[in-house]
Amino acid sequence: MNSFKYVFVLFIFFTIRAFALDVAVVGAGASGLTAAHYLKKQGHSVTIFEKNNRVGGKVYSYKIDGTVIELGGLVVPTGFKTINSLVRIYGPRPQVFPSKILFLNHNNQWQKFKGYSALGPVRTLVQFKKLLRMYRRYPELNTPHLISTIHPDLFLPLDKFARKNGFYEVLPPLVMSLSASGYLYPEVIPAYYALKLFKTIAPIGIHGYLDNFNPFSSPYIKGLRSFKNGYSELWENMASHFDVRLGEKVISIEGGRLSTTKGTYKFDKVIISTDIPTARSIVMKPSNELEVFTMSLTKHRFLVSVIRTRDLPGKKRHSFFFYPNMTISRVNHILSMVNFWNDDELYITYQNLENKISWGEAHDILAEDVRATLGVKNFEVLKRVEWSYFHHLPSDPLSPEVATALQKLQGQDGIYFVGESLNFESTESAAENAKWVVGKYF
Ligand SMILES: Cc1cc2nc3c(=O)[nH]c(=O)nc-3n(C[C@H](O)[C@H](O)[C@H](O)COP(=O)(O)OP(=O)(O)OC[C@H]3O[C@@H](n4cnc5c(N)ncnc54)[C@H](O)[C@@H]3O)c2cc1C
């Protein structure tokens, strides 16, 4: 190498080193690990702190009797661009998703999905056209946006927004396609959150429903994937490329000093991927913006139970069991019962819980519902996990104060936020948002 080239290579080396930052990431869920991936790509050095002894956060693949059961996030449509690019790099094995759907009709008999509207497909088509037009009217539903630039109407509860925009009648199938993840609260969930999700999941859901009419159809939905060894495998594979401090909870961050249950460290910048109320409790000198934003958030409690029963024989080729009369009661909202594993005995149920409900009460309500509605007399709860889920902006029009707070939130004192509250509740939006923040601020 001649001396000019040598000097040039040294120049590049030291320039990159001069810009390389020491970054701490708090949390090893979808958003924290994706942020770490893109930080590393930019040449920064990354340390991840995770309070649990496992990575994945709200993706939690639980193994029981040789079956992998997903207690949290599980499905990845082919439209999830960021996640699928990570899957290609880190290589967990995807598999197509079963699509056979059964409904319990009003006479308590199981039936295949037969459409939701008595007035038939024409009316449905008209409604769907309105829905598509609405997507064109609100470009913020199609690309990542700062919350402050989102139309306030999109923060209306989904049912009100749907009435206003004339697609109320097509809500049931859309809502059902998401019910397994606890999104079924059209009276509560802001339209923005739901519609972002519908956009990726609805086409696949519709495909699934249509499949149910075709006697020769494949029992799988082609555009929808889950993971053979569990979704956690993706996040575990990613984590193996980083310095991840498991079981090390971050307690405080102040002036670039980060204290954990095991020590105190100095970093150039910190990315927090926990939910915002947790972030607020970690940041010792929270800005006004963080205070305003934290105060504006609401949350859901969401209980997932794995149950074993022999009372549902012959249903094993069907993956979803929806209850048609999904009413919101004071305490509980059982959404659906799911068996993704083609196993005769293992099922998952989802319950939304009000804040004051204890686990014991939740269990009794579950038992009552499962017995009364499904006719299941004998069942055993094998595992339960409660997610403190949906820290989201309330379903009222977005206040200018919150919008401004959000706009100013990033970067104060070298602290950045990714993840919940900013990500609209799917691993894709968590990952997409983390990628966007790293690209914009680092
Ligand atoms: C039942 C259920 C079903 C779902 N289904 C799907 C689905 O099918 N497809 C889909 O894409 N999404 C689904 N989701 C949503 C998806 O799982 C979440 O949106 C996503 O995993 C959130 O990722 P995150 O990184 O933002 O947050 P999290 O996963 O919550 O990660 C935050 C991490 O921070 C850690 N942490 C918190 N406090 C501290 C601290 N003080 N110090 C150190 N670490 C800390 C936590 O332990 C956690 O690991 C589902 C969620 C649930 C609950």
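Only a predicted model underlies this, so the values are computations on that prediction, with no experimental measurement involved.

**Q** Help me out: how do you make sense of the overall build of the protein in this one?
**A** Secondary structure assignment for the protein yields 13 helices and 20 strands. Residues classed as buried in the protein amount to 42% of the 442 residues present. Put simply, 74% of the contacts in the protein that link residues at least 6 apart link residues at least 24 apart.

**Q** Sorry if this is basic, but what is going on with the site of the ligand here?
**A** Close to the ligand lie 38 residues, the nearest being Gly27, Gly29, Gly57, Gly73 and Gly419. Classifying every residue of the shell around the ligand by side-chain character gives 14 nonpolar, 17 polar and seven charged. Both of domain 1 (3-95 + 229-297 + 395-441) and domain 3 (298-392) provide at least three residues apiece to the shell around the ligand.

**Q** It is not clear to me how the confidence of the model for the protein should be interpreted in this structure. Could you clarify?
**A** Predicted coordinates in regions of low pLDDT should not be interpreted in detail. Taken over all residues, the pLDDT of the protein has a mean of 78, while the share at 70 or more is 69%. Confidence drops under pLDDT 50 across residues 322-335; counting only partners more than four residues distant or on other chains, this segment forms 39 contacts.

**Q** Please clarify how the sheet that holds strand 11 (residues 250-254) should be interpreted in this entry.
**A** Each strand in a sheet pairs with its neighbour through backbone hydrogen bonds, running either in the same direction (parallel) or in the opposite one (antiparallel). In spatial order, the strands read 11-12-13; together these three strands make up an open sheet with antiparallel pairing. If you trace the sheet from one side to the other, it starts and ends with strand 11 and strand 13 (264-266), each paired once. Adjacent strand axes in the sheet meet at a mean angle of 20°, parallel and antiparallel pairs treated alike. Both strand 11 and strand 12 (residues 257-260) contribute to a ladder of four bridges, which runs antiparallel. Bridge pairing in strand 12 links Glu254 to Arg257.

**Q** Even after reading the chapter, I still don't get the sheet that holds strand 1 (residues 22-26), so can you show me in this structure?
**A** The strand order across the open sheet built from five strands is 10-2-1-14-20, with neighbouring strands paired in parallel fashion. Of all the strands in the sheet, just strand 10 (243-246) and strand 20 (415-417) have a single pairing partner and so form its edges. When the angles between neighbouring strand axes are averaged without regard to direction, this sheet yields 20°. Judged from the four bridges that link them, strand 1 and strand 14 (residues 269-272) form a sheet pairing that is parallel. Among the inter-strand pairings, Val25 is bridged to a residue of strand 14, identified as Ile271.

**Q** Quick question: what am I supposed to make of helix 8 (residues 232-239) here?
**A** An α-helical turn contains 3.6 residues, so any two residues separated by three or four positions project in the same direction. Counting buried residues in helix 8 gives seven out of eight residues, a clear majority hidden from the surface. The set of residues buried in helix 8 consists of Ser232, Glu233, Leu234, Trp235, Glu236, Met238 and Ala239.

**Q** What should I look at first to understand the nonpolar core in this one?
**A** One broad rule of soluble globular proteins: the nonpolar side chains tend to lie buried together. Of all hydrophobic cores here, the largest spans 91 residues; its most connected members are Val25 and Ala35. Top element by residues in this core is helix 7 (residues 191-213). It accounts for seven residues.

**Q** Please clarify how helix 13 (residues 427-441) should be interpreted in this entry.
**A** Over its 15 residues, helix 13 runs 21 Å from end to end, which matches the ideal 21 Å to within 8%, given 1.5 Å per residue. With eleven of 15 residues buried, helix 13 lies mostly within the body of the structure. Among the residues of helix 13, those classed as buried are Thr427, Glu428, Ser429, Ala430, Ala431, Glu432, Asn433, Ala434, Lys435, Val437 and Val438.

**Q** Can you help me understand the packing of helix 10 (residues 288-296) against helix 12 (residues 400-409) in this one?
**A** Two measures define how a pair of helices packs: the angle their axes make with one another and the distance between the axes. Where helix 10 contacts helix 12, the two axes come as close as 8 Å, and the packing angle between them is 130°. One way to sum up the angle between helix 10 and helix 12 is to call them oblique. For the pair helix 10 and helix 12, the crossing hand works out as left-handed. Contact residues: Glu289, Leu290, Val292, Phe293 and Ser296 in helix 10; Glu401, Val402, Ala405, Leu406, Lys408 and Leu409 in helix 12. Class assignment for the residues of the contact of helix 10 with helix 12 results in seven nonpolar, one polar and three charged.

**Q** Hey, could you run me through the environment of Ile89 in this one?
**A** When you line up the elements, Ile89 lands in helix 3 (residues 81-90). By C-beta crowding, Ile89 is classed as exposed, having 11 other C-beta atoms within 10 Å. For the pair Ile89 and Met238, spaced 149 residues apart in the sequence, the C-alpha separation amounts to 9.0 Å.

**Q** Quick question: what am I supposed to make of unusual backbone geometry here?
**A** The bulk of non-glycine residues show a negative phi, and the bulk of peptide bonds are trans. Phi is positive for Asp65, close to 45°, though the residue is something other than glycine. One non-glycine residue, Asp413, lies in the positive phi region at around 55°. We classify Asp413 as partly exposed; it has 15 C-beta atoms within 10 Å.

Conventions and cut-offs
- Residues numbered from 1 in each chain as written.
- Predicted model: local features only at pLDDT ≥ 70, side-chain atom pairs only at ≥ 80, totals over all residues.
- Helix = DSSP H or I, 4+ residues; strand = E, 2+ residues; numbered from the N terminus.
- Buried ≥ 20, exposed ≤ 12 C-beta atoms within 10 Å, placed from the backbone.
- Contact = placed C-beta atoms within 7 Å.
- Near = placed C-beta within 6 Å.
- Nonpolar A, V, L, I, M, F, W, Y, C, P; charged D, E, K, R; others polar.
- Domains from an automatic or database assignment.
- pLDDT = per-residue confidence, 0-100.
- Pairing = 2+ DSSP bridges.
- Axes fitted to C-alpha atoms, helices over the stretch in contact; angles between N-to-C directions.
- Core = buried A, V, L, I, M, F, W, Y, C linked by C-beta atoms within 7 Å.
- Expected span 1.5 Å × (residues − 1).
- Parallel < 35°, antiparallel > 145°, perpendicular 65-115°, else oblique.
- Left-handed = near helix turned anticlockwise from the far one by under 90°.

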